[in-house]
Amino acid sequence: MKGTFVVWVEGKVKEVTNGRMNYQDVKYTQLSNKTEVCSRCCTPRKLFTCFFILIVTLIGLLVTCYSHTSICNKHDYQKVHIRLTKRRLPHCIIIGARKAGTRALLTYLKVHPDIQTAQYEVHFFDNQENYDFGYGWYRKQMPYSFPDQLTIEKSPAYFTESSVPGRVYSMNSTIKILLIVRDPVQRTISDQLQLNFKGLDMGLEVKPFEELVLNPKTGNIDMNFKPVQRSYYDVYMKNWLKYFPLNQIHIVDGDQLIADPYPEVYKVESFLGLRHAIPQSDFVYNATKGFYCIKTDTAYQKCLSGSKGRSHPHIQKEVIEKLKDVFWKHNENFFELVNQRFFWNNKTMASKIGK
Ligand SMILES: Nc1ncnc2c1ncn2[C@@H]1O[C@H](COP(=O)(O)OS(=O)(=O)O)[C@@H](OP(=O)(O)O)[C@H]1O
């Protein structure tokens, strides 16, 4: 072997240039009891190059780590805007129903590492002014997400606005739709309670529920009273089914979501084609709130705000019965449309949970 060799003999450096020394020669030359041999790759210049390449590789790894999820813990970096993330139009929308638990559902889903959720109700499809801004504006309202994450938005007014299904279809005919429904009597009471709070904020007088929901002349339920109307689930569902097949719409049981959220969320994960990444242990019942809260990266228990889970006023039993009668047929129609039954028309079940 020809070339320059560096030989350490008892701590001293010796150079052998173009001597007819080969590796075997050096290796077996017993110069002393402590001899080390190093070939050309270990020259200071080469060492510096190796060191430089190592540093560059490390920097490259760090950059990849921050911009992609497979190396670092995805959970830690998913909620911030970093390389490879961008705002995307929603892959899934929660269309309602208003006061049926839409916020709770979105809050639970937000914990999933493969989901990003819009912070607020965007009202793109139901508000003409927003709709006129176009898809570019809509996209800008969405959170940043990785390519493999789903973006979800919730606006409960979508369910009842007649123009919405067609508009959603025009944007994305394969979008996944989540609808959450709740006992229509309780939903109606909750809806009116919400309006009362808004009215109080504006300094308006608040009337008792019974007075608002009954027609003063006949004493019957005022079928055109908005909170009552919004509980005719069959009417709105029919409109959605004109555009989307039933298997594209997953229906969440809002009463079950209150009583035991885990199984409902599990079914949603399946519907969305996601792994089951929200364990049962993440749902923590909060006795003070009287509802389930959820563990997040930053909170031991994230509970919904005070405007969710308000205690309902006592409503006269007679009025409750009248409401049940009004909803009975609508409920049956809805069950048929969605091929799924809920307990609302089941007297035994309803009396068991005191409704
Ligand atoms: N975990 C948890 N915490 C608090 N509240 C919960 C929860 N799960 C479901 N709910 C029920 O959600 C009801 C509010 O529904 P929405 O979020 O759809 O309301 S809104 O339409 O967005 O205003 C709200 O209705 P009210 O009880 O009438 O306030 C709750 O019953």
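Residues numbered from 1 in each chain as written. Predicted model: local features only at pLDDT ≥ 70, side-chain atom pairs only at ≥ 80, totals over all residues. Heavy atoms only, no water.

- The name an unreviewed UniProt entry gives the chain is [heparan sulfate]-glucosamine 3-sulfotransferase 1, with Mytilus galloprovincialis as the organism.

## What about helix α4 (residues 102-110)?
Then, number 1: Counting buried residues in α4 gives seven out of nine residues, a clear majority hidden from the surface.
Then, number 2: Within α4, burial applies to Thr102, Ala104, Leu105, Leu106, Thr107, Tyr108 and Leu109. (Buried < 20%, exposed > 50% of the residue type's maximum accessible area, 1.4 Å probe, protein only. Helix = DSSP H or I, 4+ residues; strand = E, 2+ residues; numbered from the N terminus.)

## Focus: the environment of Lys154
Then, number 1: Turning to its location among the elements, Lys154 is positioned in strand β8 (residues 150-154).
Then, number 2: Lys154 sits in the buried class, given a relative accessible area of 1%.
Then, number 3: Sequence separation of Lys154 and Ile93 is 61 residues, and the distance between their C-alpha atoms is 5.6 Å.
Then, number 4: Setting aside residues no more than four positions away along its own chain, Lys154 makes contact with Ile94, Thr102, Arg103, Leu106, Tyr120, Glu121 and Val122.
Then, number 5: For Lys154, the side chain forms a polar contact with the side chain of Thr102, separated by 2.9 Å.
Then, number 6: Among the polar contacts listed, one links the side chain of Lys154 to the side chain of Glu121, at a separation of 2.6 Å. (Contact = heavy atoms within 4.5 Å. Polar contact = N/O pair within 3.5 Å; in protein donor to acceptor, adjacent residues only side chain to side chain.)

## Describing the nonpolar core
Then, number 1: Core analysis: the biggest nonpolar cluster contains 71 residues, and Trp240 and Phe334 have the highest contact counts within it.
Then, number 2: Among the elements that line this core, the one with the most residues is helix α13 (residues 317-338), at eight residues. (Core = buried A, V, L, I, M, F, W, Y, C linked by side-chain atoms within 4.5 Å.)

## Digging into the site of the ligand
Then, number 1: Inspection of the region around the ligand gives 23 residues, with Thr102, Lys154, Ser190, Gly309 and His312 positioned closest.
Then, number 2: Between the ligand and His312, the relevant distance is 2.6 Å, taken from an oxygen atom to a side-chain nitrogen or oxygen of the residue.
Then, number 3: Computed on the free molecule, the ligand has an accessible area of 650 Å², of which 96% lies beneath the protein chains in the complex.
Then, number 4: For the shell around the ligand, the secondary structure elements donating two or more residues are α4, α7 (184-201) and β12 (291-294).
Then, number 5: Counting residues per element, the shell around the ligand draws most heavily on α4, at four residues.
Then, number 6: In the shell around the ligand, the residues fall into nine nonpolar, six polar and eight charged. (Near = heavy atom within 4 Å. Areas by Shrake-Rupley, 256 points an atom, 1.4 Å probe, with all protein chains shown as cover. Nonpolar A, V, L, I, M, F, W, Y, C, P; charged D, E, K, R; others polar.)

## Here's the deal with the confidence of the model for the chain
Then, number 1: Summary statistics for the chain give a mean pLDDT of 84 and a share of 77% for residues scoring 70 or more.
Then, number 2: In this model residues 64-78 is a low-confidence stretch, pLDDT under 50, and it forms 30 contacts with partners more than four residues away in sequence or in other chains.
Then, number 3: For residues 348-355, every residue scores under 50 in pLDDT, and the model assigns this stretch nine contacts once sequence neighbours within four places are set aside. (pLDDT = per-residue confidence, 0-100.)

## Topic: the pattern of salt bridges
Then, number 1: All told, the structure shown has 10 salt bridges when counted by the stated rule.
Then, number 2: Linking Glu321 and Lys324 is a salt bridge whose minimum nitrogen-to-oxygen distance equals 3.7 Å. Pair noted here: Glu321 and Lys324 are both in helix α13, with a separation of three residues, about one helical turn.
Then, number 3: The class for Glu321 is partly exposed, based on a relative accessible area of 26%.
Then, number 4: Exposure remark for Lys324: the relative accessible area of 19% places this residue in the buried category.
Then, number 5: Between Arg341 and Glu332 there is a salt bridge, with its nearest N and O atoms 2.9 Å apart.
Then, number 6: Salt bridges sharing common partners tie together Arg98, Arg187, Asp191 and Arg230. (Salt bridge = Lys/Arg side-chain N within 4 Å of Asp/Glu carboxyl O.)

## Let's talk about the sheet that holds strand β5 (residues 92-96)
Then, number 1: One open sheet accounts for five strands, arranged β6-β8-β5-β9-β10; its pairing is parallel. Edge positions in the sheet fall to β6 (115-117) and β10 (249-253), since each has one partner strand and no second. The average undirected angle you get between the axes of adjacent strands in this sheet is 25 degrees.
Then, number 2: As paired elements, β5 and β8 share three bridges and run parallel to each other. In the sheet register, Ile94 faces β8, and the bridge partner there is Lys154.
Then, number 3: Along the sheet face, helix α10 (residues 233-241) touches β5, β9 (176-181) and β10 and points at about 160 degrees away from the line of β10. (Pairing = 2+ DSSP bridges. Axes fitted to C-alpha atoms, helices over the stretch in contact; angles between N-to-C directions.)

## Here's the deal with the state of the cysteines
In a disulfide, the sulfur atoms of two cysteines are covalently bonded to one another.
Then, number 1: Taken as a whole, this structure holds one disulfide when the rule is applied.
Then, number 2: Between the sulfur atoms of Cys293 and its disulfide mate Cys303 the distance is 2.0 Å. Handedness here is read from the sign of the S-S torsion; for Cys293 and Cys303, about 100 degrees, the answer is right-handed. Of this pair, Cys293 sits in strand β12 while Cys303 sits in the loop between β12 and α13, and the two are 10 residues apart along the sequence.
Then, number 3: Classification of Cys293 by relative accessible area gives buried; the value is 1%.
Then, number 4: Residue Cys303 is classed as partly exposed on the basis of its relative accessible area, which comes to 25%. (Disulfide = S-S within 2.5 Å.)

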